[in-house]
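Geometric and topological summary
Below are the chains, spelled out letter by letter.
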Amino acid sequence: MSGTSLDGIDVVYARFNCDKAWGFEIIYKETFGYDNVWSDVLKNLVTYSTHKLKKIDEDYTRHLVNVIKSFITKYNIETIDAICSHGHTALHEPEKRMTYQIGNKQVLSKLLGKTVVCDFRVQDVALGGQGAPLVPIGDELLFSKYEFCLNLGGFANISTEINGCRIAYDICPVNIVLNYYVRSLGFGYDDKGHIASGGSVSKALLKDLNSLDFYQQKHPKSLGLEWVRKYIFPLIDSYKLEIKTILRTCVEHIAIQISKEINTQEKASVLVTGGGAYNTFLMDRIQYYTTNTIVIPSNAIVEYKEALIFAFLGILKLRNQVNTLKSVTGAIKDHSAGIVYFP
């Protein structure tokens, strides 16, 4: 799994079992960070021509092969039923029936000599869905004891159950914006939110951010880098503020938008995962706006829940079971998404 926050490629070796209910075990886990070259390429994917994207796709797929091989070798892994890959999102504009994840090519299976399940989003978009989020089926079957599952990665997304129906959607940008601005100070991310905590809130910018049309839309809905480049960056840059003020204002914006969603239920438990869970200041601001119980699980779940669930999506695909819910994505039907490649 590689997300929009560009933390790196998350790889897990997991075992799943199903008796009366699904269970799992994360056996090995590791994040392979991107070097400066790959980081620069990935953060500019939406600017490239189709021709260049196809070449990047080929190179990135081979990069994934090398990462997976090194993981298998390091942990001396012998038994593999399947390798399940999300790849990395290059383009995501579901309203145009378009989504494109690089790193999902047949060569993965050929070079690794293993069954590969990948490219999970394309089918859903073709069926009229958002192609995102796809994690909620895992929330429903693996993490059902929590009323809300909140992931804080490049974007905040949430899933919950209403009247026996699973719903999920993107809430707002998180690390994709925070990391972008803190990089100008020479940091990859704002450790524990220290820089943001030293800034002040721009009430004018906060009001403008909270007034964006996306927040008035009903689910299903999803966000992508294109939206951030079009609406968020130009708006923030127009204020010409200090970086710490930008970070502080964005943290408040994120906390407000998230609290609006988790406060729709009372006395609820909220499982928080993703890199944003380590932003102590952000977590404090979210807690400020809610009386619900915020639960931060083990580091393995915080950091690797999405990778774990994409493995799970692959397992469901191989069993020809539903792994994508129309109630979540807005597609015309529940379906089993993904492409299976054999060596």
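Presented here is a report on the structure given in the accompanying data block.

Rules of the game
- Residues numbered from 1 in each chain as written.
- Predicted model: local features only at pLDDT ≥ 70, side-chain atom pairs only at ≥ 80, totals over all residues.
- Heavy atoms only, no water.
- Phe/Tyr/Trp six-rings, centres within 6.5 Å; stacked < 30°, edge-to-face > 60°.
- Helix = DSSP H or I, 4+ residues; strand = E, 2+ residues; numbered from the N terminus.
- Buried < 20%, exposed > 50% of the residue type's maximum accessible area, 1.4 Å probe, protein only.
- Lys NZ or Arg CZ within 6 Å of the ring centre and 35° of its normal.
- Pairing = 2+ DSSP bridges.
- Arc of directions from axis to C-beta.
- Contact = heavy atoms within 4.5 Å.
- Polar contact = N/O pair within 3.5 Å; in protein donor to acceptor, adjacent residues only side chain to side chain.
- Axes fitted to C-alpha atoms, helices over the stretch in contact; angles between N-to-C directions.
- Core = buried A, V, L, I, M, F, W, Y, C linked by side-chain atoms within 4.5 Å.

1. Section: the packing of aromatic side chains
- Here the structure, examined in full by the defined rule, presents 18 aromatic pairs.
- Consider the rings of Tyr-34 and Tyr-60, whose centres lie 6.5 Å apart with planes at 40°: the pair is tilted. Of this pair, Tyr-34 sits in the loop between strand S2 (22–32) and helix H1 (36–42) while Tyr-60 sits in helix H2 (residues 50–74), placing them 26 residues apart in sequence. Take Tyr-34 and Tyr-60: they sit in the same class, and that class is buried.
- Ring centres of Tyr-181 and Phe-233 lie 5.8 Å apart, and the angle between their planes is 80°; this geometry places the pair in the edge-to-face category. Of the two residues, Tyr-181 is situated in helix H6 (residues 175–182) and Phe-233 in helix H9 (residues 225–237); the sequence distance between them amounts to 52 residues. The same class applies to Tyr-181 and to Phe-233, which are both buried.
- These aromatic residues form a ring-pair network of at least three members: Tyr-13, Tyr-28, Phe-32, Phe-71 and Tyr-75.
- Lying over the aromatic face of Phe-214, Lys-221 brings its terminal NZ or CZ to 4.4 Å of the ring centre.

2. Looking at the pairing of S2
- Sheet topology places strand S1 (residues 9–18) next to S2; ten bridges connect them, and they run antiparallel. Within the sheet, the bridge partner assigned to Val-11 lies in S2 and is Glu-30.

3. Structural notes on the side chain of Asp-57
- Here Asp-57 shows up in helix H2.
- You can call Asp-57 buried: its relative accessible area is 4%.

4. Remarks on helix H8 (residues 203–210)
- Burial in H8 covers these residues: Leu-205, Leu-206, Leu-209 and Asn-210. Buried residues of H8 fall within an arc of 130° about the axis and therefore sit on the same side. Those residues of H8 that are exposed and angled more than 90 degrees off the buried face are Lys-203 and Lys-207.
- Where H8 is buried, its residues touch H9 and helix H10 (243–262).

5. Remarks on the side chain of Asn-323
- Here Asn-323 is to be found in the loop between helix H12 (299–318) and helix H13 (326–329).
- Reaching out from Asn-323, the side chain makes a polar contact with the backbone oxygen of Leu-313 at a distance of 3.1 Å.
- Here the side chain of Asn-323 touches Ala-337 through a polar contact of 2.6 Å, landing on its backbone nitrogen.
- Apart from the residues within four sequence positions on either side, Asn-323 is in contact with Phe-120, Leu-134, Ile-137, Leu-313, Leu-316, Lys-317, His-335, Ser-336 and Ala-337.

6. Some points on the sheet that holds strand S10 (residues 269–273)
- Overall, mixed pairing links the five strands, which are arranged S9-S8-S7-S10-S11 in an open sheet. Since the sheet does not close on itself, it has two edges, and those belong to strand S9 (165–173) and strand S11 (293–295), each with one partner. For this sheet, the mean inter-axis angle between neighbouring strands, taken without regard to orientation, is 20°.
- Pairing of strand S8 (residues 155–162) with S9 involves eight bridges; the strand directions are antiparallel. Its bridge partner being in S9, Ser-159 is matched across the sheet by Ala-168.

7. Comments concerning the nonpolar core
- Counting residues in each nonpolar core, the largest one holds 49 residues, and the members touching the most others are Leu-150, Leu-152, Val-177, Ile-232, Ile-236, Ile-258 and Ile-286.
- No other element matches the nine residues that H10 contributes to this core.
- Excluding anything up to four places from it in sequence, Ile-258 contacts Leu-150, Leu-152, Ala-156, Ile-171 and Ile-286.

8. Focus: unusual backbone geometry
- In this chain, Ala-132 is followed by Pro-133 through a cis amide linkage whose omega measures -15°.
- Within the element layout of this structure, Pro-133 appears in the loop between helix H4 (122–126) and helix H5 (136–142).
- Note the cis peptide between His-219 and Pro-220, where omega equals 5°.
- Topologically, Pro-220 is positioned in the loop between H8 and H9.
- One non-glycine residue, Lys-267, lies in the positive phi region at around 55°.
- The topology assignment puts Lys-267 in the loop between H10 and S10.
- Here Lys-267 falls in the exposed class, since its relative accessible area comes to 83%.
- Unlike most non-glycine residues, Asn-320 shows phi in positive territory, near 55°.
- Classification of Asn-320 by relative accessible area gives exposed; the value is 67%.

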